[in-house]
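# Examining the three-dimensional arrangement
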Amino acid sequence: MANNNQPNQAKTASGTSIQHVKQQNAQQNQQQYGAEYASETSAQHVKQQNAQAAAKKNQQNQQQQ
C-alpha cells in the first residue's frame, strides 16, 4: 500500500511523490554542475590562455602598423 504520510502531495501510479523526485533531481543537477564546472576550469590555465591571446593580438597589431 502507498505511503500516506503526505496526503496532499501528488503521487505517481506507483506511489512515488512527484515533488520529492523533483527536489532530488534539482539537488543532483546542482551538485553535478558544480563538480563538472570545478573539474573543467582551472583559473591558472585560463589566465595563461588569456595572456597568450593578448600577446598574439599585440603582435598582430604591431605587424599591421
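Everything numeric in this text was worked out from a predicted model, so none of it was measured.

Calculation criteria
Residues numbered from 1 in each chain as written. Predicted model: local features only at pLDDT ≥ 70, side-chain atom pairs only at ≥ 80, totals over all residues. Heavy atoms only, no water. Helix = DSSP H or I, 4+ residues; strand = E, 2+ residues; numbered from the N terminus. Buried < 20%, exposed > 50% of the residue type's maximum accessible area, 1.4 Å probe, protein only. Contact = heavy atoms within 4.5 Å. Polar contact = N/O pair within 3.5 Å; in protein donor to acceptor, adjacent residues only side chain to side chain.

### Let's talk about the overall build of the chain
When helices and strands are counted, the chain shows 2 helices and 0 strands. Taking all 65 residues of the chain together, 2% fall into the buried category.

### Some points on the environment of Ala10
By the element assignment, Ala10 lies in the segment before α1 (18–40). Looking at Ala10, the relative accessible area reads 48%, which means it is partly exposed. Measuring from C-alpha to C-alpha, the distance between Ala10 and His20 comes to 9.7 Å, with 10 residues separating the pair along the chain. Non-local contacts of Ala10, meaning those with residues more than four positions away in its chain, are made with Thr16, Ser17 and Ile18.

### Quick notes on the environment of Thr16
You can see Thr16 is positioned in the segment before α1. Using a relative accessible area of 35% as the deciding quantity, one classes Thr16 as partly exposed. Thr16 has contacts with Ala10, Lys11 and Val21, leaving out every residue within four places of it along the chain. Within polar-contact distance, the side chain of Thr16 engages the side chain of Ser14 at 3.3 Å.

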